[in-house]
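Architecture and fold: a report
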Amino acid sequence: MPYQLPCCRLRDGELLPDYFRPVRIICIGRNYADHAREMGHDPAQEPPFFFFKPITALARDGTFVMPSYSREVHYELELLIALEQGGRNLSLQQAKSCVGGFGLGLDMTCRDIQRQAKEAGRPWELAKGFDGSAPCTAIAPGSFDDLDSLGTMTLKRNGEVVQQSHWRDMIWSIPELLQHISHHIALQPGDLIFTGTPAGVGPVEAGDRLEARMEGFPKSLLLQITKEDI
Ligand code: MN
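Residues numbered from 1 in each chain as written. Predicted model: local features only at pLDDT ≥ 70, side-chain atom pairs only at ≥ 80, totals over all residues. Heavy atoms only, no water.

A regular strand places its side chains so that they alternate between the two faces of the sheet. In this sheet, strand E12 (residues 160-165) lies alongside strand E11 (residues 153-157) in antiparallel orientation, the contact comprising five bridges. When the sheet's bridge partners are listed, Leu155 is paired in E12 with Gln163. What sits between E11 and E12 in their antiparallel hairpin is a turn of two residues, with Asn158 showing a positive phi close to 50°. (Pairing = 2+ DSSP bridges. Helix = DSSP H or I, 4+ residues; strand = E, 2+ residues; numbered from the N terminus.)

Given below as structure tokens:
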């Protein structure tokens, strides 16, 4: 029986509606050329890649607590794709039909810890997968064709625009990245895809307020940055 995302059950302010049971968080790295370059990489030479966050990284908007072990926590604004179908070795057409919903999220990253991990050849989990490292809006149901109704996504830090981009600027389109992932692992209904961040990533400090919006999308993401658990 096909997995369904009935839009009638989406309730205002809900993080993830009960019909959407997240299986995994799959994150795309370097899917915008301008961000690849700001991180010191050549997008023509190094294609996008993917990694995972645990489900415990998911958080609603509201308060973000900075991990005590990092001195450099960055925001990364990303378009989220929720899958209602999965599969292996998908065609581009099959990949399109996997799309079941959208959201906006922040791939919060301890940049200093990530840098140390890269230098040591170690995994990124403490940099990318800590508790609450994936704050996101509610997931709104939508098909691949509904992408056309979504426009520019914008992140403001303390009222100032720090990231602004459009999903059309991705290196890999949504079907291409789903196809690519499906050549390595079987995609599942309930997978939540963080599709990569554009240029403009930067640090947050306690007291900051982040606000993410996307044209044509009904939900915004508001985040108050704090140092200690409150
Ligand atoms: Mn990211």
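Back to the text.
All of the protein donors around the manganese ion are Glu76 (OE), Glu78 (OE) and Asp107 (OD); their distances to the metal are 2.0 to 2.1 Å. Along the chain, the residues donating to the manganese ion fall in the pattern E-x1-E-x28-D. Of this pair, Glu76 sits in the loop between strand E5 (73-75) and strand E6 (77-83) while Asp107 is found in the loop between strand E7 (99-106) and strand E8 (109-110), placing the two residues 31 residues apart along the sequence. Residue classification places Glu76 among the buried positions, given a relative accessible area of 4%. When its relative accessible area of 1% is taken as the criterion, Asp107 is described as buried. (Donors = N, O, S within 2.8 Å, 3.2 Å for Na, K, Ca; no water. Buried < 20%, exposed > 50% of the residue type's maximum accessible area, 1.4 Å probe, protein only.)

A few words on helix H3 (residues 111-120). In an α-helix, one full turn covers 3.6 residues, which means residues spaced three or four apart are oriented alike. Restricting attention to buried positions, one finds in H3 the residues Arg111, Asp112, Ile113, Gln114 and Ala117. Those residues of H3 that are buried lie in contact with E5, E8 and helix H4 (125-128). Gly121 occupies a position one or two residues after H3 and carries a positive phi of about 65°. (Contact = heavy atoms within 4.5 Å.)

Turning to the environment of Phe64, a few remarks are in order. For Phe64, the location among the structural elements is in strand E4 (residues 62-65). Taking the relative accessible area as the measure of exposure, Phe64 reaches 2% and is therefore buried. Distance from Phe64 to Ser133, taken between C-alpha atoms, is 8.2 Å for residues 69 residues apart in sequence. Here Phe64 is in contact with Val73, Met108, Phe130, Gly132, Ser133, Pro135, Leu223, Gln224, Ile225 and Thr226, once residues within four sequence places are set aside.

Let's shift gears to empty space enclosed by the protein. The gaps of empty space that remain are located by a probe, the size of a water molecule, rolled over the atoms. Within the structure shown, the criterion is met by one cavity of 30 Å³ or more. Here the largest cavity is characterised by a volume of approximately 150 Å³. As for the largest cavity, its lining consists of 18 residues, and the residues nearest its centre are Gly29, Arg30, His35, Phe49 and Gln114. Listing elements by their share of the lining of the largest cavity, those giving two or more residues are strand E1 (24-29), strand E2 (49-53) and H3. The leading source of residues in the lining of the largest cavity is H3, at three residues. (1 Å grid on protein atoms, 1.4 Å probe; cavity = no way out; pocket = protein on both sides within 12 Å on 5 of 7 lines; lining within 4 Å. Points joined across faces, edges and corners; volume = space filled by probe spheres on them.)

Following the criterion strictly, the structure yields five aromatic pairs and no others. Plain terms: the ring middles of Phe49 and Trp124 are 5.9 Å apart, the flat faces sit at 85° to each other, and that makes the pair edge-to-face. Of this pair, Phe49 sits in strand E2 while Trp124 sits in the loop between H3 and H4, and the two are 75 residues apart along the sequence. Aromatic rings pair up to connect Phe49, Phe51 and Trp124 into one cluster. (Phe/Tyr/Trp six-rings, centres within 6.5 Å; stacked < 30°, edge-to-face > 60°.)

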